[in-house]
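Structure assessment
Residues per chain, in single letters:
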Amino acid sequence: MPVVVVESPAKAKTINKYLGSNYTVLASYGHVRDLPPKDGSVDTENGFEMKWEIGYDSRKHVKAIADALKEDNELILATDPDREGEAISWHLEEALRKRKVIKKDTPVSRVVFNAITKSAVTEAMKNPRQVDAPLVHAYLARRALDYLVGFNLSPVLWRKLPGAKSAGRVQSVCLRLIVEREDEIDAFNAREYWTVSALLGSVRGQEYTARLTHLAGKKLDKFDLENSTAAELAVQAINSRDLSIKSVEAKPASRNPSAPFMTSTLQQEASRKFGFGARQTMSTAQRLYEAGYITYMRTDGIDMAPEAITAARDEIGTRYGKEYVPAKPRVYKNKAKNAQEAHECIRPTEMAQDAASLSRLETDQRKLYDLIWKRTLASQMEGARMERTAVDVGSDDGQVMLRATGQVVLFDGFLRVYEEGRDDVVVDDDDKRLPQLSEGEKADKRSVSPEQHHTQPPPRYTEATLVKRMEELGIGRPSTYASVITTIQDREYVRKDKNRLFPEDKGRIVTIFLLNFFRKYVGYEFTANLENDLDTVSAGNMDYKDVLTRFWRDFSVAIGETSELRISEVLDVLDAALAPQLYPPREDGSDPRICPKCGEGNLHLKTSRTGGFVGCGNYPECRYTRPIAGEGATGDERLLGMDGEDEIHLKAGRFGPYVQRGEPTEEVKKPPRASLPKGWQTDEMTLEKALTLLSLPRFVGVHPEGGDVHTNLGRYGPYVLHTTKDDAGKEAKLYANITDVEEVFTIGMNRAVEVIAEKRAKGPGRGRAAAKPLHELGEHPDDGGPVNVMDGRYGPYVKWEKINATIPKETKPEDVTMEMAVNLITERAAKKKPARKKAAAKKKPAAKKKAPAKKKPAAKKKPAAKKT
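First, a word on what this report is: a plain description of the structure on this page. Fair warning: this is a prediction, and the values are worked out from it, not measured in the lab.

Examining the sheet that holds strand S1 (residues 3–6)
Within the open sheet, the 4 strands sit side by side as S2-S1-S7-S8. Their pairing is parallel. In this open sheet, the two edge strands, each paired with only one partner strand, are strand S2 (24–27) and strand S8 (108–110). On average, each strand axis in the sheet is inclined to that of its neighbour by 25°, with strand direction left out of account. Pairing between S1 and S2: 4 bridges, direction parallel. The residue bridging Val-4 from the neighbouring strand is Val-25, located in S2. In the packing of helix H1 (residues 9–19) onto the sheet, contacts are made with S1 and S2, and the angle to S2 comes to roughly 170°.

Take a look at the structure:
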């Protein structure tokens, strides 16, 4: 009975259903080996030999596969059909051979399927092959490069830029894109321009709008009407003339559907339509794939299998009619740089199955499936046919000319099913329908109005537009987009606000450092060329060790040169590079580098564990500091006002925004400060609010039974404190949590007594009643035990036995199903550290201590201690 190995238990369950009892299907739970994060894991002196290590959590899974092979002497590797999947199969085979589980007579084969359906799996089993060596070599090169960059460059960052966390081959280039876009926005100067529109009436009394295109017989450019005066003169020119229709031109137009989804376009569209992040999109698609609903979701390909095209065309004809089916199937070819074209597009496995028929799916899965299903069908539908009309309205003397445009949809075609979203809203006058107009008829002026505009800076990236840009540049691959974007947010180099990506100061400093000392390695072209080389390796046309040799030769020299630099030298270079942002001209014309507090010291870039800041060179006599963002007004830091002689500041700290009274001095090194409570926004902070926070704790009064009552904000939120003394004068404190922050400032004695009484009624101890589940899901389907959705201090989570798994922010607790909960529990269990066993290991030296002479029997227990 052959042993079939796949990555996940969900995939194993689905495949086992198709293969039946003649096969043993087991899960590897992802990668089983990796390079240990220590020096020498890639030996650059000995042909880039790699030293692999089986992960702690993977040992039991490898053992389960090894145990199964003792009884069933055949191994079928059925991991995902991409480089990562090929690598997992290779690692498994290597690990099992080292354990001598695979014998000389053990058949080992590799099968791949692009969809987890009965027909696809059965067909794959009929066409086994060996592990693809070139694909594995491409993986080895990629993993070695990532290790060499991360393991050698990250320590340089830690030493030279305290607070920097890591650098990566693709991650740092992605961060550079976001930082450079922010620099473009900072450097952007808005330019004013005006347009003039007229509301006109036809001879039949219908209204339409036309825009001024010619003035004084000359075609207007965008900035020709540069101010209100010019715009008013244009309005007068129109109002002083009679207008008539000079020409009416109607042209046929068509729109063709977009190609079916590949990984990047799926991430982009899910972001536009649902606000999904790249990681959320991929985890949702993974579950759909493993359940057999869609094809493999990590792909650069947009071509579709012939049988799928036929099924799509049949379904279109059945649902919408033959007129929606084009005469010939649509064929799509990749245009993306470095496209592997190893797999077909992301599509449903059953075209007749729409989202409405999959009501048992979770909400996110159903939404994403609906998107994939509609896009796939639309890609094989007839195009939309329109008629676009352009009407020129002008004066008889030719001094002014206006244009009205509109369009009519004659046949909706694919638009009946699906229309692609847009990254930024564009107002299009062409979508409006014009009334019936004829050449020569008069145009009645109802109103003429000028409108002011300003040019806009380039928009900040969303996750969707960032993926699109990375794809255009050939940076990264479908399997890496989501993890790279997640990493730069986890490292606090970038934050996401209202779906837009903003670089943090820390991210800016890291990028400037890399651009000044490792420019080549964060270059877009260099990174794309490296990806090209890896594609060539995967095609079997290049030795992966040649790629590593060329890279390491120059990179090791750059590492060595930068390691010799002192931190002060690095900061001088960064200070000069960031000078335009750090020291913009002041309104009074004074030197922007002079400290505004002491008036003597020069400002300079400095670093700390929490990132970069600008500080006075006269430290410690002058303790002036400010954020990189600028003096006083931008970002989360600013001066709120004065309280007597004290300045009250709003500041951004490592653990969030806070207010502070005054600045540190030699006498007061830690001035009073208070964190902003949850729900308080920095842009809504006022001096009055700040003083209220700084006045805490607030005295409510004396409890009727004795003792003072205060309110305050603590680590775990707002609370009431009742302090009493016993006969001996010893203080006792009782803390009672309250839910509303505002109550800290408004609660009266009656309510405070009630809260304290409720807390006291819970009895001694920590005072926390057993938490009640928000949602009881039932027994764990595999291992038993209740699975519940709980409300925690840091948000809702799934609880099963001793495992707590955080629910993604974008998922509502009430939407969590048992299937989703089990997946979250499995992922969390895989990440859990073996804390107890490590603790036990630390105690081993204690077992070796010599026992006292009088207790000889105890000394004989040494062997038992070694067994443990």
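Topic: empty space enclosed by the protein
Tallied over the full model, the rule gives 4 cavities of 30 Å³ or more. The space that makes up the second largest cavity amounts to roughly 90 Å³. Val-149, Gly-168, Arg-169, Tyr-521 and Val-522 are, among the 13 residues lining the second largest cavity, the residues nearest its centre. Elements with a minimum of two residues in the lining of the second largest cavity: helix H5 (133–160), helix H15 (524–538) and helix H16 (544–563). Per element, the largest residue contribution to the lining of the second largest cavity is 3 residues, and it comes from H15. Split by residue class, the lining of the second largest cavity holds 9 nonpolar, 3 polar and 1 charged.

Topic: the pairing of strand S15 (residues 442–454)
Pairing geometry for strand S9 (residues 192–201) and S15, over 10 bridges, is antiparallel. Along S15, the bridge assignment pairs Ser-197 with Ser-449. Inspection of the sheet shows strand S12 (residues 243–255) paired to S15 by 2 bridges, in the antiparallel sense. Counted as the bridge partner of Ser-244 is Lys-442 from S15.

So, the nonpolar core
It is characteristic of soluble globular proteins that their nonpolar side chains tend to be buried jointly. In terms of nonpolar packing, the biggest core is built from 95 residues, with Leu-75, Leu-161, Leu-466, Met-470, Phe-513, Phe-518 and Phe-555 touching the most fellow members. Sort the elements by how many residues they give to this core and H5 lands first, with 13 residues. Dropping the residues within four chain positions of it, Phe-513 is found in contact with Val-156, Leu-157, Lys-160, Leu-161, Phe-518, Thr-562, Val-570 and Leu-574. Val-111, Met-125, Tyr-289 and Leu-368 belong to the second largest nonpolar core, which has 58 residues in total.

Here's the deal with the sheet that holds strand S26 (residues 708–714)
Picture the strands of a sheet paired through backbone hydrogen bonds; they go either parallel or antiparallel. Spatial ordering of the open sheet is given by S25-S26-S27-S28, a layout of 4 strands whose pairing is antiparallel. Looking at which strands have only one partner, the edges of the open sheet turn out to be strand S25 (698–702) and strand S28 (731–737). Pairs of neighbouring strands in the sheet enclose a mean axial angle of 25°, with direction left out of account. Strand contacts of helix H21 (residues 749–761): S25, S26, strand S27 (717–725) and S28, with the helix running at about 100° to S28, the strand carrying the most contacts.

The rules behind each value
- Residues numbered from 1 in each chain as written.
- Predicted model: local features only at pLDDT ≥ 70, side-chain atom pairs only at ≥ 80, totals over all residues.
- Heavy atoms only, no water.
- Pairing = 2+ DSSP bridges.
- Helix = DSSP H or I, 4+ residues; strand = E, 2+ residues; numbered from the N terminus.
- Axes fitted to C-alpha atoms, helices over the stretch in contact; angles between N-to-C directions.
- Contact = heavy atoms within 4.5 Å.
- 1 Å grid on protein atoms, 1.4 Å probe; cavity = no way out; pocket = protein on both sides within 12 Å on 5 of 7 lines; lining within 4 Å.
- Points joined across faces, edges and corners; volume = space filled by probe spheres on them.
- Nonpolar A, V, L, I, M, F, W, Y, C, P; charged D, E, K, R; others polar.
- Core = buried A, V, L, I, M, F, W, Y, C linked by side-chain atoms within 4.5 Å.
- Buried < 20%, exposed > 50% of the residue type's maximum accessible area, 1.4 Å probe, protein only.

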